Amino acid sequence: MRPLARRVAAAVTTLALLLTGCSSTDDGRDADGTIRLRFQSLAWQKESVDANKRLVKEWNAAHPDVQVEYVQGSWDNVHDQLLTSFEGGEAPDIIHDASDDLADFAYGGYLTDLRPLLPGRLKADIPEQSWRTTTFGGGIYGVPFLQEPRVLIANTKLLKASGARIPTPERPWSWAEFREVSKALTGKGRYGVAWPLKEPVSVTLNLGLSGGGQLFHRDPDGKAELRFGAGDQVVTGTIRDQVNSDRSAARTALGMGGSDTLPGFFGGRYAMVPLGFAYRQQIVEQAPEGFAWTVLPAPAGPGGQAQGVSPQTLSVAEDSPYKKEAVAFIDFLLRPPNMVRLARGDWMLPTGTTALAHPSLHTAEHGWATGTALARHLRPAPAQTVRGYPEWKDKVATPALQEYYSGAIDTAELRERLVDDGNRVLARYQR
């Protein structure tokens, strides 16, 4: 822009601000002293977006001196988008993310340590195991508020016709029993199960806890290292055998995302699909009229019903000049009645014990009670605080697991690639 044009534009902008009386200072306050906070939300389902926007509106009506602007973000590019905004000094004050995305931001100094700011009510209401998902180097860098167990979504008609025992949260299938039921449900033109494993790593790690696996361990010096033991083979071996030996799992589903399997599920091609709890919302919207489905607990193994989770989180940018006000907004957003609204809007479970006890989350409809019963078995995802995990996941684990599940490599090669190649990656981050 030429100098004259720049001067004219600046004059117009100044005049507009004077006329509206809402010019801002460099510290985020308006001329009248009103504090402006930006809240970037990753809600994407209509019910969830509506719930978040209504809560922002309610906060603004009750707090005229601290106004919150709702900013829509996206799960598709949140890590890169946040990194760019942090480095450019343009990060939102309140940040919605997931706990497994926080490590590099926490260690990099981009997020506020919330320990001195958290209200006692909020700290006490969320279990310690959930707080561990956002604790890095002794600091707490996010408030975990929504979590999602993995469940089995089954075709009710096919399941009953098979004569299989119907599992309950109190008496789930073992992994061996699940394998046998999958074979019984397999028939002409139909697979007992479809594993959507386009992104295989989190499924493998989180369900692997039930088999007694861990994969990521800490040595006496606190450094992370990878070990692939017998417990890690329970879930991985079951999936591989279902695909390659039993032919009870659809090979084509290995390259699918969860949503991609739903047409085949509705059409009777797959009798069961292991999915995140929130997929129930899509099923309710998309299932053909009269289609009967049910929510079953994931299988259990030597590790019981344990599952790893990476809860959704709310954090505060270290550069925000109004950290106290930002935490006050988070506390409002996560009051038990509001946490219930957010959980129901996202079809997920709240982390807060008071919200989790709400009667609306314990109904049989749409499997809410089954999911809620699994909450006590949820644990921090195995790689939650491991630096270098994103690189290991993308460059080592994803291709190795995809090849293993398809039958292209055996267990020995899988172990070598996950562990040997993986430990070389982690070593670079732990020097």
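Reading the values: rules and limits
Residues numbered from 1 in each chain as written. Predicted model: local features only at pLDDT ≥ 70, side-chain atom pairs only at ≥ 80, totals over all residues. Heavy atoms only, no water. Axes fitted to C-alpha atoms, helices over the stretch in contact; angles between N-to-C directions. Helix = DSSP H or I, 4+ residues; strand = E, 2+ residues; numbered from the N terminus. Parallel < 35°, antiparallel > 145°, perpendicular 65-115°, else oblique. Left-handed = near helix turned anticlockwise from the far one by under 90°. Contact = heavy atoms within 4.5 Å. Nonpolar A, V, L, I, M, F, W, Y, C, P; charged D, E, K, R; others polar. Phe/Tyr/Trp six-rings, centres within 6.5 Å; stacked < 30°, edge-to-face > 60°. Lys NZ or Arg CZ within 6 Å of the ring centre and 35° of its normal. Buried < 20%, exposed > 50% of the residue type's maximum accessible area, 1.4 Å probe, protein only. Arc of directions from axis to C-beta. Pairing = 2+ DSSP bridges.

The name recorded for the protein in an unreviewed UniProt entry is Sugar ABC transporter substrate-binding protein, from Streptomyces cavourensis.

As a further point, take the packing of helix α2 (residues 46-62) against helix α13 (residues 323-333). One can describe the packing of α2 onto α13 by two numbers: an axis separation of 11 Å at closest approach and a directional angle of 125 degrees. As the angle between them shows, α2 and α13 are arranged oblique. Crossing handedness for the pair α2 and α13: right-handed. On α13, the residues touching Leu55, Val56, Glu58 and Trp59 of α2 are Ala328, Phe329, Phe332 and Leu333. Considered class by class, the residues forming the contact of α2 with α13 number 7 nonpolar, no polar and 1 charged.

What follows covers the packing of aromatic side chains. The way to describe two aromatic rings as a pair is by their centre distance and the angle between their planes. Tallying each qualifying case throughout the model produces 22 aromatic pairs. What links up through ring pairs into an aromatic cluster is the set Phe39, Trp59, Tyr70, Phe329 and Phe332. Residue placement shows arginine 280 over the ring face of phenylalanine 277; its charged tip is 3.6 Å from the ring centre. Against the face of tryptophan 368 rests arginine 280, its NZ or CZ located 4.1 Å from the ring centre.

What follows concerns helix α8 (residues 175-185). Residues of α8 that are buried: Trp175, Phe178, Val181, Ser182 and Leu185. Taken around the axis of α8, the buried residues stretch over an arc of 115 degrees, which confines them to a single face. In α8, the exposed residues that point more than 90 degrees away from the buried face are Ala176 and Ala184. In this fold, the buried residues of α8 make contact with β7 (150-155), α7 (156-162), β8 (191-193), α9 (200-208), α10 (232-244) and β11 (270-276).

In terms of burial, strand β6 (residues 143-147) is a largely internal element, 5 of the 5 residues being buried. Two elements, β6 and strand β14 (residues 312-316), share 3 bridges in a ladder whose sense is antiparallel. Considered in β14, the bridge of proline 144 is made with threonine 313. As defined by bridge partners, β6 adjoins strand β15 (residues 349-350) across 2 bridges and the pair is classed as antiparallel. Across the sheet, glutamine 147 pairs through a bridge with leucine 349, a residue of β15.

What follows is about the pairing of β11. A large share of β11 lies buried, amounting to 7 of its 7 residues. Two strands pair when backbone bridges link them, and β7 and β11 are joined in this way by 5 bridges, in the antiparallel orientation. By the bridge assignment for β11, arginine 150 is matched with glycine 276. Alignment of β8 against β11, held across 2 bridges, turns out to be parallel. If you follow tyrosine 191 over to β11, its bridge partner there is tyrosine 270.

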